[in-house]
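Overview (structure and organization)
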Amino acid sequence: VQLQASGGGLVQPGGSLRLSCAVSGSIFSISAMGWYRQAQGKQRELVAGITGGSTNYADSVKGRFTISGDNAKSTVYLQMNSLKPEDTAVYFCNAGVRESARSYYMNYWGKGTQVTVSS
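On a predicted model such as this, the values are computed, not experimentally measured, just so you know.

Parameters and conventions
- Residues numbered from 1 in each chain as written.
- Predicted model: local features only at pLDDT ≥ 70, side-chain atom pairs only at ≥ 80, totals over all residues.
- Heavy atoms only, no water.
- Buried < 20%, exposed > 50% of the residue type's maximum accessible area, 1.4 Å probe, protein only.
- Helix = DSSP H or I, 4+ residues; strand = E, 2+ residues; numbered from the N terminus.
- Pairing = 2+ DSSP bridges.
- Disulfide = S-S within 2.5 Å.

Moving on, we come to the pairing of strand S11 (residues 113-117). Only one face of S11 is covered, namely the one carrying Thr-113, Val-115 and Val-117; the face carrying Gln-114 and Thr-116 has none of its residues buried. Both strand S2 (residues 9-11) and S11 contribute to a ladder of 3 bridges, which runs parallel. For Val-11, the partnering residue across the bridge sits in S11 and is Val-117. Relative to S11, strand S9 (residues 89-98) is paired through 3 bridges, and the arrangement is antiparallel. Of the residues in S11, the one forming a bridge with Val-90 is Gln-114.

Next comes the structure, spelled out in structure tokens:
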């Protein structure tokens, strides 16, 4: 199972970016997907998560970020609007994946994608 994240980059304050994360490989089912971020010198933190039709967000991004998923494509998106310099971090996607009917859900991480918000 692999998670491939894309969409990071440099954006000015107030701008927008859309991150994508596609899950590939042996997939029987996915329990949940999420986005985390890690700023330099800080611990990794949950940004947003999605399980079925339910979503949750860090307080710092509520109203600005939206997480969504495409089950057919095994892909999760993070639409980030009104970006602030404090949103600068490496963003990681995460998924709970079950590879077969006989296996348990395992936690997988994608390689991070850098988001830099600066003028």
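Let's shift gears to the state of the cysteines. With the rule as written, the count across this model stands at 1 disulfide. With its sulfur 2.1 Å from that of its partner, Cys-21 forms a disulfide with Cys-93. Looking down the S-S bond of the Cys-21 and Cys-93 bridge, the torsion is 55°, so its handedness is right-handed. Of this pair, Cys-21 sits in strand S3 (residues 17-24) while Cys-93 sits in strand S9, and the two are 72 residues apart along the sequence. Just as Cys-21 is buried, Cys-93 falls in that class too.

This is a description of form; function is not addressed.
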